[in-house]
Protein chains: 2
Amino acid sequence: MLNINNIISKDYLSSKNIKPSFARIKIFEYLSNNHIHPTIDEIYHALIDEIPTLSKTTVYNTMKIFIDNKLVKLVSIEDTETRYDINVQIHGHFKCESCGKIYDFNVDLHNLLTDDLNGYNIHEKNIYFKGICNTCSNNSNTN
Amino acid sequence: MLNINNIISKDYLSSKNIKPSFARIKIFEYLSNNHIHPTIDEIYHALIDEIPTLSKTTVYNTMKIFIDNKLVKLVSIEDTETRYDINVQIHGHFKCESCGKIYDFNVDLHNLLTDDLNGYNIHEKNIYFKGICNTCSNNSNTN
DNA sequence: TTACAAGTTTGTAATGATTACAATTATATG
DNA sequence: CATATAATTGTAATCATTACAAACTTGTAA
Ligand SMILES: [Mn+2]
Ligand SMILES: [Mn+2]
Ligand SMILES: [Zn+2]
Ligand SMILES: [Zn+2]
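Residues numbered from 1 in each chain as written. Chains lettered and ligands numbered in written order. Predicted model: local features only at pLDDT ≥ 70, side-chain atom pairs only at ≥ 80, totals over all residues. Heavy atoms only, no water.

Colleague: Can you walk me through the confidence of the model for chain A in this structure?
Modeller: Reading predicted coordinates in detail is not appropriate for stretches of low pLDDT. Confidence in the prediction of chain A, expressed as mean pLDDT, is 91, and 93% of residues score 70 or more. Within chain A, strand β2 (residues 82–85) of chain A carries the highest mean pLDDT (98), whereas helix α1 (residues 4–15) of chain A carries the lowest (79). (pLDDT = per-residue confidence, 0-100. Helix = DSSP H or I, 4+ residues; strand = E, 2+ residues; numbered from the N terminus.)

As C-alpha cells, this is what we get:
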C-alpha cells in the first residue's frame with residue numbers, strides 16, 4: 001500500500017525524529033486529511049477498520065509523541081473532551097454549541113499585547129470563541 | 001457570624017435567585033476573596049475547617065449553580081484541571097508553566113474580528129497564554 | 001538466515017475527577 | 001410545632017486517561 005502520500009508522511013515523521021511505524025503513519029495521515037480536531041476516540045474509530053489490531057493506548061501514545069515533537073497541538077476548549085489539531089500555527093477556534101463542530105479562524109494576536117504581561121515570557125497563545133455556527137443558525141431560521 | 005460582607009453576599013445571591021445557604025455564601029466569599037482560579041479541591045480544602053460537614057459534592061453542586069446563573073466562569077486551560085473564576089468579564093489568562101499560577105490580564109477582543117466568522121453568533125470569547133511568569137523568570141535568573 | 005537488541009504495540013488493571021442518586025438534614029412558612 | 005421544599009451528604013457508578021508488563025516488530029550484525 002505504498003503511495004506518494006505514504007512516503008511523504010514517512011519522511012516527514014523521520015525528519016521529526018519519530019520512527020515511522022505503520023500506526024503512526026496512519027494516524028498522522030488521518031489528522032492531515034481530517035482537520036476536525038478529533039478526540040482520541042474519533043481517531044481510534046476512524047482507523048480501526050484499516051488497522052484491526054489498533055489499540056487506544058497506541059493512539060494515546062502516538063498523540064503524546066506528536067505533541068512532544070510539536071507535530072500536533074492539544075485543543076482545550078471543553079474540559080470534558082481533549083482534542084488534537086494538526087495545525088500548529090497560531091489560529092483561533094470557534095466551537096458551535098449546537099452541532100459541536102470546531103471551526104478554525106485566522107487571528108492576529110501580535111498587536112494585542114498588554115502592559116499586564118510585561119516581563120512575562122510567552123510560549124503559547126490560544127484563543128477560542130463559543131456560539132452558534134453559520135450552518136446551525138440557518139437551519140433554525142428555516143424551521 | 002453575621003457581618004457586613006455576609007449580608008452583602010447573601011443579598012447578592014438572593015438577587016441572582018440563588019438561595020443563600022451557609023455553604024453557598026462561604027463558597028461565594030472564598031471565590032470573591034481569592035482570585036486564584038481555584039479547583040474544586042482547592043475550594044473544598046480551603047473551607048473544610050470552617051465547615052467541617054462540607055462535602056465535595058456540595059462544592060460541585062454549588063459551582064454548577066453559580067455557572068448556570070453566570071456568577072462564575074469555568075476556566076479550561078489544561079484539560080486535566082477544571083478551574084473557576086469569579087470574574088466573569090472578558091479577560092485573558094496567563095498560565096505559568098513553572099509555578100502553575102494563573103494570572104489575569106486585560107485584553108480588548110472587540111476589534112480583532114475576522115471575516116472567517118461572518119454569520120457566526122458569538123456567545124463567549126476566551127483567550128489564554130502560557131509561558132513563564134515574571135516571578136519565576138527572576139527566580140531562575142538569580143540562581 | 002538467524003539472533004539479538006531496541007523500540008512499538010497491545011490488553012488489562014489502576015487512577016482520579018466527575019456525576020448519579022437516595023438518604024439525611026436544614027430552612028422557611030403557616 | 002408540623003409540614004413542604006430545598007440543600008447537603010456519602011456512597012457508588014462512570015468514564016477518560018495512565019501505568020505497566022507481555023507480546024510483537026523492526027533493523028542490524030554475525
Ligand atoms: Mn484548529
Ligand atoms: Mn480570571
Ligand atoms: Zn453548528
Ligand atoms: Zn510562575
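Colleague: Quick question: what am I supposed to make of the relation of the copies chain A and chain B here?
Modeller: Taken together, a rotation about one axis and a shift along it account for how the two chain copies relate. After a rotation of 180° and a shift along the axis of 0.0 Å, chain A superposes on chain B with an RMSD of 0.0 Å. These values place the two chain copies in the arrangement generated by a two-fold rotation axis. Of the interface residues in chain A, 100% have counterparts in chain B that sit at the interface too, so the contact is made through matching surfaces. (Least-squares fit on C-alpha atoms with pLDDT ≥ 70 in both. Contact = heavy atoms within 4.5 Å.)

Colleague: What should I look at first to understand the protein's contact with DNA strand D in this one?
Modeller: DNA strand D sits among 13 residues. The nearest are Tyr 60 of chain A together with Ser 21, Arg 24, Thr 53 and Thr 58 of chain B. In the interface set of DNA strand D, defined as its atoms within 4 Å of the protein, sugar plus phosphate atoms amount to 74%. Contact between DNA strand D and Thr 82 of chain A: a phosphate oxygen at 2.7 Å from a side-chain N or O atom of the residue. Leu 54 of chain B is positioned such that a nitrogen or oxygen atom in its backbone is 3.1 Å from a phosphate oxygen of DNA strand D. (Near = heavy atom within 4 Å. Polar contact = N/O pair within 3.5 Å; in protein donor to acceptor, adjacent residues only side chain to side chain.)

Colleague: Whenever I open this one, helix α4 (residues 56–68) of chain B confuses me. Can you help?
Modeller: Helical geometry: 3.6 residues make up each α-helical turn, so side chains three or four residues apart lie on a common side. All names here are of chain B. Relative to the 18 Å expected for 13 residues at 1.5 Å per residue, α4 spans 18 Å between its end C-alpha atoms, a close match to the ideal helical length. By the burial criterion, the buried members of α4 are Val 59, Thr 62, Met 63 and Phe 66. In a view along the axis of α4, the buried residues occupy a sector of 100°, so they form one face of it. Those residues of α4 that are exposed and angled more than 90 degrees off the buried face are Tyr 60 and Lys 64. One or two residues past the end of α4 sits Lys 70, with phi positive at roughly 65°. (Expected span 1.5 Å × (residues − 1). Buried < 20%, exposed > 50% of the residue type's maximum accessible area, 1.4 Å probe, protein only. Arc of directions from axis to C-beta.)

Colleague: Would you mind going over the domain arrangement of chain A with me for this structure?
Modeller: Many analyses report the size of an interface as the accessible area lost when the parts associate. All names here are of chain A. Partitioning chain A into structural domains gives domain 1 (4–84) and domain 2 (89–141). Listed as interface residues are 8 residues of domain 1 and, on the opposing side, 10 residues of domain 2. Buried area between domain 1 and domain 2, both sides added, is near 810 Å², and the carbon and sulfur share of it is 52%. For the domain 1 face of the interface with domain 2, the top three residues by lost area are His 37, Lys 73 and Ile 77, together amounting to 62%. (Domains from an automatic or database assignment. Buried area = accessible area lost by both parts, 1.4 Å probe.)

Colleague: Explanation requested: the protein's contact with DNA strand C in the structure shown.
Modeller: Taken together, 13 residues surround DNA strand C, and among them Ser 21, Arg 24, Thr 53 and Thr 58 of chain A together with Tyr 60 of chain B come closest. Per the 4 Å cut-off to the protein, sugar and phosphate atoms form 74% of the nearby atoms of DNA strand C. The backbone of Leu 54 of chain A places a nitrogen or oxygen atom 3.1 Å from a phosphate oxygen of DNA strand C. For DNA strand C, a phosphate oxygen lies 3.0 Å from a polar atom in the backbone of Ser 55 of chain A. Going through the elements one at a time, α2 (22–33) and α4 (56–68) of chain A together with α4 of chain B are the ones with two or more residues in the surface near DNA strand C. By residue number, the principal contributor to the surface near DNA strand C is α4 of chain A, which donates 3 residues.

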